[in-house]
Amino acid sequence: MTDRTATLSFSDGSPSVSFPVLSGTIGPDVIDIRSLYGKTGKFTYDPGFMSTAACRSAITYIDGDKGELLYRGYAIEDLARHCDFLDVCHLLLYGELPDAAQRADFDQRVTRHTMVNEQMQFFLRGFRRDAHPMAVMTGLVGAMSAFYPDSINLHDAHQRDISAIRLIAKMPTLVAMAYKYSVGQPYMYPRNELAYAANFMRMMFATPCEDYKVNDVLVRAMDRIFILHADHEQNASTSTVRLCASSGTNPFAAIAAGVACLWGPAHGGANEACLNMLYDIQAQGGVARIGEFIEKVKDKNSTVRLMGFGHRVYKNYDPRAKLMRETCHEVLSELGLHDDPLFKLAMALEKIALEDDYFVSRKLYPNVDYYSGIVQKAIGIPVPLFTAIFALARTVGWIAQLNEMIADPEYKIGRPRQLFVGATPRTVKPIAQR
Ligand code: ACO
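Read on for a plain summary of the structure.

Thresholds, definitions, all that
Residues numbered from 1 in each chain as written. Predicted model: local features only at pLDDT ≥ 70, side-chain atom pairs only at ≥ 80, totals over all residues. Heavy atoms only, no water. Pairing = 2+ DSSP bridges. Helix = DSSP H or I, 4+ residues; strand = E, 2+ residues; numbered from the N terminus. Axes fitted to C-alpha atoms, helices over the stretch in contact; angles between N-to-C directions. Parallel < 35°, antiparallel > 145°, perpendicular 65-115°, else oblique. Contact = heavy atoms within 4.5 Å. Nonpolar A, V, L, I, M, F, W, Y, C, P; charged D, E, K, R; others polar. 1 Å grid on protein atoms, 1.4 Å probe; cavity = no way out; pocket = protein on both sides within 12 Å on 5 of 7 lines; lining within 4 Å. Points joined across faces, edges and corners; volume = space filled by probe spheres on them. Phe/Tyr/Trp six-rings, centres within 6.5 Å; stacked < 30°, edge-to-face > 60°. Buried < 20%, exposed > 50% of the residue type's maximum accessible area, 1.4 Å probe, protein only. Lys NZ or Arg CZ within 6 Å of the ring centre and 35° of its normal. Salt bridge = Lys/Arg side-chain N within 4 Å of Asp/Glu carboxyl O. Left-handed = near helix turned anticlockwise from the far one by under 90°. Arc of directions from axis to C-beta. Near = heavy atom within 4 Å. Polar contact = N/O pair within 3.5 Å; in protein donor to acceptor, adjacent residues only side chain to side chain. Areas by Shrake-Rupley, 256 points an atom, 1.4 Å probe, with all protein chains shown as cover.

Taken together, 3 strands build an open sheet; the order of strands is β4-β5-β6 and the sheet is antiparallel. Among the strands making up the open sheet, the edge pair consists of β4 (60–63) and β6 (74–75). Where β4 meets strand β5 (residues 68–71), 4 bridges bridge the pair, whose relative direction is antiparallel. The partner of T60 across the bridge, within β5, is Y71.

Pasting the structure below:
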């Protein structure tokens, strides 16, 4: 509770009303306006949620001005350097990093669920081979509720936990299957002796005639991509998952909604859009044409944006981008790609944008997707699969947020209101008079 209040007064002489001001552990206070409509008959108006906290959450904290990101209180830098993805999954889901026994148990539970129902491949077969992987993933994840009906009761904590483990364990298998289907290669079954990221890469790149040689630098890079994308507070896809699950639907359906939202180029689709932008500049002449491209981006009459730059919350360097940049250089060195024209172009574009006043004055820095796209491309991941890998990594965050919402005593179905600007009541005229 709080003894501080905020008072809202009106210029039309209506009586003032007061609302409690609530404080979190860190971050901005919030004005609790839940009683506003009851007291005044008025709503607030905040499209894009620029000033609205939609829930209480104890999972992820971002300070966009400082460029700080914490998962359950741990700095992302600390986690990226000292933990692997499954540690982070445990942390996000259960609130604490696992001790040795908890970790062994978690590994065992995830590993036991990596295979998908064999029928899933027949379902997958219904897609065109050239279908976008996010279209396929939206379908496959949604279909999981039909394959695993024993864990779809959102209000049963045990079933929710089984669904969480199933989703975390099976997402790599499904993403790899979507890839193999698109290139017409046989699916590779998971190998449970491999660590999570290595197993995913093997399912992607091995074939029945040639196994995948695990490269530690590349596996670490993939694991880091997973860690950095695991959660990010109340972003568009997470809010979608919460809103979807608030109706009581099953966890697989809610996560499928998150996958669909993530697909958009202003969100998870940015890494794909970023690589496509690099290809376009490359096709037009490469590094020599950067100046021209930047001018187009700055032109108020053009809709061209520098993809992979800018962020709604970070108005400083995204800490994930710094870590991904580090990984990017490690991977390019490991693969001897520093002189590759596409990667040279990416680095030159980054340098110019970081120095240009247009970007500096608007606090537009490279975001994590700028570098994660380059890293994935270097590793050999096809560009259309980038967002599916983001979805794989974000699944744990979506589930942690969904579980938090269901366990919150204040949880209600999400139901925003509106400022209606349409027609006032009118009557239907006979068709001849319309
Ligand atoms: N390139 C050029 N100009 C930009 C860019 C960009 N990438 N991003 C923002 N701006 C400019 C806008 O034109 C605007 O300029 P103005 O003040 O002169 O009108 C100003 O910066 C503010 O931009 P907004 O659109 O108001 O910023 P918002 O917070 O709404 O948008 C967003 C954030 C959507 C991420 C935006 O920066 C963008 O489109 N970036 C490119 C796409 C991208 O990389 N998305 C990934 C986000 S990270 C993630 O999902 C993991």
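Contact geometry of helix α12 (residues 270–283) with helix α15 (residues 341–355) gives a least axis separation of 10 Å together with a crossing angle of 105°. Taken together, the axes of α12 and α15 are roughly perpendicular relative to one another. Within the contact between the two elements, α12 uses L275, M277, L278, Y279, I281 and Q282 and α15 uses P341, L342, L345, A346 and L349. Looking at the contact of α12 with α15 residue by residue, the classes come out as 10 nonpolar, 1 polar and no charged.

On to the layout of surface pockets, then. Within this model, the second largest pocket holds a volume of roughly 420 Å³. Lining the second largest pocket we find 31 residues, and of these D84, F85, A195, A197 and D223 sit closest to its centre. Mapped onto the lining of the second largest pocket, the elements with two or more residues apiece are α3 (85–94), α4 (100–111), α7 (157–183), α8 (196–205), α9 (216–228) and α14 (319–334). If you tally residues by element for the lining of the second largest pocket, the top one is α9, at 7 residues. Grouping the constituent residues of the lining of the second largest pocket by class yields 17 nonpolar, 5 polar and 9 charged.

In the structure shown here, the tally under the stated rule is 15 aromatic pairs. Each ring, one from F85 and one from F226, has its centre 5.3 Å from the other, and the planes form 55°; the classification is tilted. Note that F85 is positioned in helix α3 and F226 in helix α9, a separation of 141 residues in sequence. Between Y358 and F359, the ring centres sit 5.0 Å apart and the planes meet at 75°, which makes this aromatic pair edge-to-face. Here the two residues Y358 and F359 agree in accessibility, since each one is buried. Chaining the aromatic ring pairs together yields one cluster made of F309, Y358, F359, Y370 and Y371. Above the plane of the ring of F10 lies K42, whose end atom (NZ or CZ) is 5.1 Å from the centre. The ring of Y181 has R129 sitting right over it, with the charged end atom 4.2 Å from the ring centre.

This next bit is on the side chain of Q401. Looking at the element boundaries, Q401 is found in helix α18 (residues 386–407). Apart from residues lying up to four places away in sequence, Q401 is in contact with S57, I59, D231, E233, Q234, T238 and R242.

Using the criterion set out here, one finds 24 salt bridges in the structure. Among the ionic pairs, E410 bridges to R34, the shortest N-O distance being 3.4 Å. A residue pair is termed long-range when its members are at least 10 positions apart, and E410 in the segment after α18 and R34 in the loop between β3 (30–31) and α1 (36–40) qualify at 376 residues. Looking at E410, the relative accessible area reads 41%, which means it is partly exposed. In this structure, D150 engages R166 in a salt bridge whose closest nitrogen and oxygen atoms are separated by 2.9 Å. Of this pair, D150 sits in the loop between α6 (133–147) and α7 while R166 is found in helix α7, placing the two residues 16 residues apart along the sequence. Through salt bridges that share partners, D32, R34, R56 and E410 make up one connected network.

It is at 11 Å that the axes of α6 and α7 come closest, and there the two elements cross at 140°. Taken together, the axes of α6 and α7 are oblique relative to one another. Note that α6 runs across α7; the crossing there is right-handed. The segment α6 lies against α7, with V136, M137, L140, V141 and M144 engaging R166, L167, K170, M171, L174, V175 and A178. Across the contact of α6 with α7, the residue classes tally to 10 nonpolar, no polar and 2 charged.

Where helix α13 (residues 290–298) is concerned, the buried positions are I290, F293, I294 and V297. Seen along its axis, α13 keeps its buried residues to an arc of 100°; they face one direction. Contacts from the buried residues of α13 go to α12, α15 and α16 (357–361).

Right, let's talk about the pairing of strand β2 (residues 17–22) for a bit. Strand direction decides the pairing type here: strand β1 (residues 5–8) and β2, joined by 4 bridges, are antiparallel. Each bridged residue has a counterpart across the sheet, and for T5 the counterpart in β2 is P20. Pairing of β2 with β3, which is carried by 2 bridges, proceeds in the antiparallel orientation. Bridging from a neighbouring strand, V21 pairs with I31 of β3.

Another aspect to go through is the site of the ligand. Among the 20 residues in the neighbourhood of the ligand, the closest are listed as K300, R305, L306, G308 and R362. Between a nitrogen atom of the ligand and a main-chain N or O atom of L306, the distance comes to 2.8 Å. A distance of 3.0 Å is found between a nitrogen atom of the ligand and a side-chain nitrogen or oxygen belonging to Y358. Look at the ligand: alone it shows 930 Å² of surface, and the protein chains cover 74% of it. The class makeup of the residues in the shell around the ligand is 9 nonpolar, 5 polar and 6 charged.

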